[in-house]
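Analysis of the macromolecular model
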Amino acid sequence: MARVPDFLSRRDLNANFKGDIRLLRAFEQQSQLVEANTEATAVAVAATDTLKEATYVTLSANAELPNERVLQAGSGIRLVTTGDAVIVQTSAIIPTINGGFGATFTVSGVTNVALPLSGRLATTENAETLSNKTLASPKVSGLGDYADDAAAAAGGVPITGLYRTGSAVKVRVA
């Protein structure tokens, strides 16, 4: 038979229930349910207190949870909420880097860079081959002044390299 709570005696219960064993058993079962629910409630309260102490990311603020951090989408990012997930997507205008290498962009002020529609963007430190380019108002500096191709060759100008004789710009061919 089920246990009767300590604060009630079986004799007192029998007197109140006039010896009805069914009422006595029902009371004992109800007492057990109350005790079990009390324990479950205590566990739930402890779990809630633990949640309040944890730090975690949420999608919306809850004043009852002081250590939460609300996930927000920054520039170029959007959050798509589905039934059971949140998907973080980048905007189509954010550049991506392929190939497993990093890229560093260093600017010292407002800078505009026009990227080619195809091909490669030239660098400042590597040798590059540019083709199909038109130079509008070019300024050429650093050309050596040589009397002819032989002097330019002796001065280190490569074949098809530029040099000058006075104010005349020349191309070394030999």
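Coordinates for the structure precede this section.
Residues numbered from 1 in each chain as written. Predicted model: local features only at pLDDT ≥ 70, side-chain atom pairs only at ≥ 80, totals over all residues. Heavy atoms only, no water.

Check the secondary structure of the chain and you find three helices and six strands. By the compact-globule yardstick of 16 Å for 174 residues, the chain is too spread out, its C-alpha radius of gyration being 42 Å. When its C-alpha atoms are laid out on the principal axes, the chain stretches across 135 × 30 × 25 Å. Across the 174 residues that make up the chain, the buried fraction comes to 10%. Taking as baseline every contact in the chain between residues at least 6 positions apart, the subset at least 24 positions apart corresponds to 10%. Measuring between centres, the 15 positive side-chain charges of the chain sit 5 Å from its 16 negative side-chain charges. (Helix = DSSP H or I, 4+ residues; strand = E, 2+ residues; numbered from the N terminus. Rg over C-alpha atoms; globule rule 2.2 N^0.38 Å. Buried < 20%, exposed > 50% of the residue type's maximum accessible area, 1.4 Å probe, protein only. Contact = heavy atoms within 4.5 Å. Lys, Arg positive; Asp, Glu negative; His and termini not counted. Charge placed at Lys NZ, Arg CZ, Asp CG, Glu CD.)

Quick look at the pattern of salt bridges now. Evaluation of the coordinates by the stated rule reveals two salt bridges. The partner of R22 in a salt bridge is D20, with the nearest N and O atoms 3.7 Å apart. The partner of D145 in a salt bridge is R164, with the nearest N and O atoms 3.4 Å apart. Taken together, the residues span a long stretch of sequence, with D145 in the loop between β4 (86-90) and α3 (149-154) and R164 in strand β5 (residues 162-165) at a distance of 19 residues. Exposure remark for D145: the relative accessible area of 44% places this residue in the partly exposed category. (Salt bridge = Lys/Arg side-chain N within 4 Å of Asp/Glu carboxyl O.)

A cluster of nonpolar side chains, V140, L162, V169, V171 and V173, forms an exposed patch at the surface whose accessible area comes to about 460 Å². Along the chain, the position of V173 falls in the segment after β6 (168-171). (Patch = residues over 30% accessible without salt bridge, like charges linked within 9 Å, V, L, I, M, F, W, Y side chains within 5 Å. Areas by Shrake-Rupley, 256 points an atom, 1.4 Å probe, with all protein chains shown as cover.)

Mapped onto the secondary structure, V110 falls in the loop between β4 and α3. Residues V110 and I94 lie 16 residues apart in sequence; the distance between their C-alpha atoms is 19 Å.

Function-wise, these values are silent; they only describe arrangement.
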